[in-house]
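Below are the chains, spelled out letter by letter.
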Amino acid sequence: MASCDNPNVDSDALMTRRQKYDGKTKICVKCKEGAGNIVIRYAVYCKTCFFPLIQMRFKKSLEPSINPVPDGARRKTLKAGGSLVVAFSGGTGSTALLDLVAKTYFPVRNNGETLKGGKDHPRNADQGVWKGKPAVCYVEVCGAFPGEKDRTEEIQNMVQRYLGQPFEYIPLRLEDSFDPMWWSTIRGGESASFARTLRLDMTDEDLRLTEASSSSFNDSPLNRLKAYLSSLPTQTAFHSAIQNLIRLLLLHIAASRKASHLLLGTSLTSLSVNLISGISQGTGFSVSEEAKEEWYPQPGRGMPVRVIRPLRDIGMKECAMWDWWCGLRVDGQTRHLNGSWKHAIGALARDFIFGLETDYPATVSTIARTCAKLAPKHGSEGTCVLCERPAQDGVQEWKSRISIRSYSEASSAVSGNTRPPHLNEEEISNLTKPSASSTPANSSLTPHLCYACHTLLTSRSNRGTSAPLPTGRAAEKISLPVWVNATLAASRSPGGDEDSTPGEVVQTIKMRRVDMKSQISELLLADD
Amino acid sequence: MQSELFDPGDRVAIGASGGKDSTVLAYVMKTLNERYQYGLELFLLSIDEGITGYRDDSLETVKRNQQQYDMPLKILSYDELYGWTMDAIVSQVGRKNNCTFCGVFRRQALDRGAAMLNVDHIVTGHNADDIAETVLMNIMRGDIARLGRCTAICTQGEDTVRRSKPFKYAYEKEIVMYAYFKKLDYFSTECIYSPDAYRGHARAFLKDLEAARPSAIIDIIHSGEAFEVKKEVKATQKVQRKYPPGASESNALCKACTLLEGLERGMADSGTTDRGRKRLDEAGPAPENIRTIPYFKLPSGSPAIAVETPS
Ligand SMILES: [Zn+2]
Ligand SMILES: [Zn+2]
Ligand SMILES: [Zn+2]
């Protein structure tokens, strides 16, 4: 082989359409005896070999993260630093997850008891992998979807078979995220921060915050949830906001139970969907958190919770096979991804990945493997108050520099939407001017947000959302989830802990449109 | 242009395809250069892949741009550089992997063309939609090396001329709008050999995303800029990249050369499949008489070749 002296020797990854399954092999690749029952990534397995294979992958994804400090090559004892919370939605993945967790770590003894003398017996206190009583947690989302039925009891029946074991069932509701009473309960009475409560002005581009006294706080949590969701500018935001609320409800309940681990039933397929969906919504900075995350509650709110997805190496199809062969009842569809929300980015990503999985089965795992090799480019400078994930610095400067807003105005102008037709460019920029640069950081939500959450609250589209605001609610006075309120209140209170002041950490300088325009004037040469 | 891409007096080649992006880019570059006296010396550089009925019209557009904008034009053909037109390549490899050949050859042809023009810099018309699509494609194909650099506004390889994408943040729609208002004529044509189904899926998905929320394109680019390849992955990758199995650093071939060698020896799949590559390696060293691509030297002194100047 001759050399071309080109030092930049590069390998070109090429996507060829691999054969799904040649259809010839009928014998299990593992035991070489049993007749094949299922094809997993081009290989045939029999039913007998399927179960240990799945369980092995499950353990491989989970066990290295169980001990607070990983003990290197071979594990000796599995001993978690806290208790266990398993998230359960009734779907394919979480049904398989709960079954795997129960069978692997809480096997039923002959007499039906898991441990003699009950788990609270001092003799057994130190025997399990996790401390205390493990919990199965379900978040009911029907509050966000009028007309949907409440499945709390139905789900309880589904997990019933495990409740004889040490599991405790904890039903939550989406609207709990707007309920100061709930917050107070899980925070062990912390309620001082609700003497004053913050409202968000969703009509203001700078996301202005105002204070309301708690006496004006007589709305039900459900109404506050509905107002928050319907004030969001897109279906994408509506859908993603719900995912965010579910995630944080689970995290906060985990923290309140001194859990060291929160397990999610995200399959390999769902993980790829989440990754593509997230990247399409600007979450690149926290892309590595999507597979494996260590969540630090705000200072003073307890120990970190590891969010683990033990099924992240197992496809949706294999999860479904597990459920089927184990005789587990699975709830059909993920409801909120259907109907009018099918144009949300989350739903588009799902359809896209499911479509690819049929034609290019390798893609799904490639996406997950690629993203596992990524890390945030810059160190984290703070935490976003809305999603409580690491936030990147300088997000607002970036947005200003590429004049993303002037595009949305320009495109709306072209499509005849949202932009007030009677105002010219100058008048529009005057409208937003007073609340700009001079505004103290604490009266705007913007500096406390990561890129994706800021986009969620501000980025518009022609389609908008279909849900109208509940009567009597104004888009200028939108309540925020209880933890946002608590974090912001803590950062506002004089003499508060310095570390709990995200406003100081993530603070950015908001640019006025005139300044922005002068910066990009060279690019706007169409004016002559 | 805020990224301080150019210095006064730079010689800059505009990669011109006759399509909307490069036509608008040529117009904008010329206008800005004159209005703000950047003092850039601008050239049009066009690649002729040798696809009958595909490039002919767009090359006419490029030639018209040469007249309108009063810029020197260099058209470099695959035939001239590699001895193979795309038509000839397709007749040998079929339509399955031809986009691989075309993409790799075009990239290198632009470098060679730039060397011939002795320019400091190549600018290409890649817009925000293209970059977002590339981010998605690289994630889907697991192309970590490209994923790391595809969002950079300016890149410079060890052996290549500086390349930039001034339209990185410009939506395709904006460019169309601009061309429309400025009454710029361009050619909108898809490569006739192109149906790259996989990329097609990604493109359609991107259009759906944009319809759902127009900022999605910029949001994807932001994502691409916010992450990087983990340090430990980068380290292992370098090793793998420089020493592929059975090759030491000194005899490793770049992609373009591998593809060309495969074509010349009638084993075109050597550049596109592992099996084909193995077959090529087993067939022993390349004969002396096959065509190879001359090694690129960083430009120095005056242009190596004469260019067509507008008459
Ligand atoms: Zn078997
Ligand atoms: Zn956030
Ligand atoms: Zn080479």
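- Chain B has the name tRNA(Ile)-lysidine/2-thiocytidine synthase N-terminal domain-containing protein in an unreviewed UniProt entry, where Cyclocybe aegerita is given as its organism.

- As annotated in an unreviewed UniProt entry, chain A carries the name Cytoplasmic tRNA 2-thiolation protein 2 and is attributed to Cyclocybe aegerita.
- Turning to chain A, the UniProt record has this under Subcellular location (unreviewed entry): "Cytoplasm".
- Under the UniProt heading Pathway (unreviewed entry), the note attached to chain A is "tRNA modification; 5-methoxycarbonylmethyl-2-thiouridine-tRNA biosynthesis."

### Examining the coordination of the zinc ion (ligand 1)
All names here are of chain A.
Phase 1 of the analysis: Those protein atoms acting as donors to the zinc ion (ligand 1) are Cys28 (SG), Cys31 (SG), Cys46 (SG) and Cys49 (SG), and they sit at 2.3 to 2.4 Å.
Phase 2 of the analysis: Considering all four donor atoms around the zinc ion (ligand 1), the spread of angles at the metal, 102 to 116°, places the coordination shape in the tetrahedral class.
Phase 3 of the analysis: If you list the donors of the zinc ion (ligand 1) from N- to C-terminus, the spacing comes out as C-x2-C-x14-C-x2-C. Pair noted here: Cys31 is in the segment before strand S1 (38-40) and Cys46 is in the loop between strand S2 (43-45) and helix H1 (47-62), with a separation of 15 residues, a long-range link.

### Here we look at the domain arrangement of chain A
Residues and elements named next belong to chain A.
Phase 1 of the analysis: Domains assigned within chain A are domain 1 (22-59) and domain 2 (79-107 + 124-390).
Phase 2 of the analysis: Domain 1 puts 14 residues into the contact, and the matching count from domain 2 is 18 residues.
Phase 3 of the analysis: With both sides pooled, the region where domain 1 packs onto domain 2 buries about 1,500 Å², and carbon together with sulfur makes up 72% of that total.
Phase 4 of the analysis: Inspection of the region where domain 1 meets domain 2 yields one salt bridge.
Phase 5 of the analysis: The partner of Glu318 in a salt bridge is Arg57, with the nearest N and O atoms 3.8 Å apart.
Phase 6 of the analysis: There are two residue pairs in polar contact (both at pLDDT 80 or more) connecting domain 1 and domain 2.
Phase 7 of the analysis: At the level of secondary structure, the elements contributing two or more residues to the side of domain 1 that touches domain 2 comprise S1 and H1.
Phase 8 of the analysis: Examining the composition of the side of domain 1 that touches domain 2, we find that eight residues originate from one element, H1, more than from any other.
Phase 9 of the analysis: Across the side of domain 1 that touches domain 2, the residue classes tally to eight nonpolar, two polar and four charged.

### Quick notes on the coordination of the zinc ion (ligand 2)
Phase 1 of the analysis: Donor atoms from the polypeptide that bind the zinc ion (ligand 2) are A:Cys384 (SG), A:Cys387 (SG), A:Cys450 (SG) and A:Cys453 (SG), placed at 2.3 Å.
Phase 2 of the analysis: Its four donor atoms give the zinc ion (ligand 2) angles of 106 to 112° at the centre, a pattern that matches the tetrahedral case.

### Some words on the confidence of the model for chain A
Residues and elements named next belong to chain A.
Phase 1 of the analysis: Overall, the prediction assigns chain A a mean pLDDT of 76, with 69% of residues at 70 or greater.
Phase 2 of the analysis: For the stretch residues 114-125, pLDDT sits under 50, and the model shows 17 contacts to residues farther than four places along the chain or on other chains.
Phase 3 of the analysis: Within the model, the stretch residues 495-528 combines pLDDT values under 50 with 61 contacts to residues more than four positions away or in other chains.

### Here we look at unusual backbone geometry
Phase 1 of the analysis: In the Ramachandran plot, A:Lys258 falls in the positive-phi region, its phi being about 50° despite a non-glycine side chain.
Phase 2 of the analysis: Inspection of the secondary structure puts A:Lys258 in the loop between helix H6 (235-256) and strand S8 (259-263).
Phase 3 of the analysis: The phi angle at B:Asp70 is positive, at roughly 55°, despite the residue not being glycine.
Phase 4 of the analysis: Within the element layout of this structure, B:Asp70 appears in the loop between helix H2 (55-69) and strand S3 (73-77).

### Overview of the environment of A:Ala255
Phase 1 of the analysis: For A:Ala255, the location among the structural elements is in helix H6.
Phase 2 of the analysis: Placed 69 residues apart in sequence, A:Ala255 and A:Ile186 show a C-alpha to C-alpha distance of 8.7 Å.

### A word on the sheet that holds strand S6 (residues 162-164) of chain B
Residue and element names in this part refer to chain B.
Phase 1 of the analysis: Ordered in space as S3-S2-S1-S4-S6-S5, the six strands form an open sheet in which the pairing is mixed. The open sheet terminates on both sides in strands that have one partner only, identified here as S3 and strand S5 (154-155).
Phase 2 of the analysis: Note: strand S4 (residues 121-123) against S6, three bridges, orientation parallel. If you follow Ile122 over to S6, its bridge partner there is Arg163.
Phase 3 of the analysis: Those strands touched by helix H1 (residues 20-35) are strand S1 (11-15), strand S2 (41-48) and S4, and its axis lies near 155° from that of S1.
Phase 4 of the analysis: Against the sheet, H2 touches S2 and S3, its axis set at about 170° to S2.

### Focus on the nonpolar core
Phase 1 of the analysis: Residues A:Leu174, A:Leu445 and A:Leu457 are the most contacted members of the largest nonpolar core, which totals 64 residues.
Phase 2 of the analysis: The greatest single-element share of this core, amounting to 13 residues, is contributed by H6(A).
Phase 3 of the analysis: Setting aside residues no more than four positions away along its own chain, A:Leu445 makes contact with A:Leu200, A:Asp206, A:Leu207, A:Leu209, A:Val385, A:Leu457, A:Leu480, A:Val484 and A:Leu488.
Phase 4 of the analysis: Membership of the second largest hydrophobic core comes to 49 residues, among which are A:Cys371, A:Tyr451, B:Tyr171 and B:Leu209.

### So, the pattern of salt bridges
Residues and elements named next belong to chain A.
Phase 1 of the analysis: For the structure on display, the rule yields 29 salt bridges over all chains.
Phase 2 of the analysis: Of the charged contacts, one joins Arg173 and Glu175 as a salt bridge, the two residues approaching to 3.0 Å between their closest N and O atoms.
Phase 3 of the analysis: The exposure class assigned to Arg173 is partly exposed, which follows from its relative accessible area of 28%.
Phase 4 of the analysis: The class of Glu175 is buried, set by a relative accessible area of 11%.
Phase 5 of the analysis: Across the salt bridge formed by Asp201 and Arg208, the nearest N and O atoms sit 3.0 Å from each other.

### Details of the pairing of strand S4 (residues 135-140) of chain A
Residue and element names in this part refer to chain A.
Phase 1 of the analysis: In terms of residue burial, S4 counts as a mostly covered element, since six of its six residues are buried.
Phase 2 of the analysis: With burial as the criterion, each face of S4 is covered, one bearing Ala135, Cys137 and Val139 and the other bearing Val136, Tyr138 and Glu140.
Phase 3 of the analysis: As paired elements, strand S3 (residues 83-87) and S4 share three bridges and run parallel to each other. Pairing of Val85 across the sheet is with Ala135, part of S4.
Phase 4 of the analysis: Direction of pairing for S4 relative to strand S5 (residues 168-173): parallel, over a ladder of six bridges.

Rules behind the numbers
- Residues numbered from 1 in each chain as written.
- Chains lettered and ligands numbered in written order.
- Predicted model: local features only at pLDDT ≥ 70, side-chain atom pairs only at ≥ 80, totals over all residues.
- Heavy atoms only, no water.
- UniProt positions renumbered as here; feature names shortened; annotations may be inferred.
- Donors = N, O, S within 2.8 Å, 3.2 Å for Na, K, Ca; no water.
- Tetrahedral: all angles 85-135°; square planar, octahedral: opposite > 155°, others 65-115°.
- Helix = DSSP H or I, 4+ residues; strand = E, 2+ residues; numbered from the N terminus.
- Domains from an automatic or database assignment.
- Contact = heavy atoms within 4.5 Å.
- Buried area = accessible area lost by both parts, 1.4 Å probe.
- Salt bridge = Lys/Arg side-chain N within 4 Å of Asp/Glu carboxyl O.
- Polar contact = N/O pair within 3.5 Å; in protein donor to acceptor, adjacent residues only side chain to side chain.
- Nonpolar A, V, L, I, M, F, W, Y, C, P; charged D, E, K, R; others polar.
- pLDDT = per-residue confidence, 0-100.
- Pairing = 2+ DSSP bridges.
- Axes fitted to C-alpha atoms, helices over the stretch in contact; angles between N-to-C directions.
- Core = buried A, V, L, I, M, F, W, Y, C linked by side-chain atoms within 4.5 Å.
- Buried < 20%, exposed > 50% of the residue type's maximum accessible area, 1.4 Å probe, protein only.

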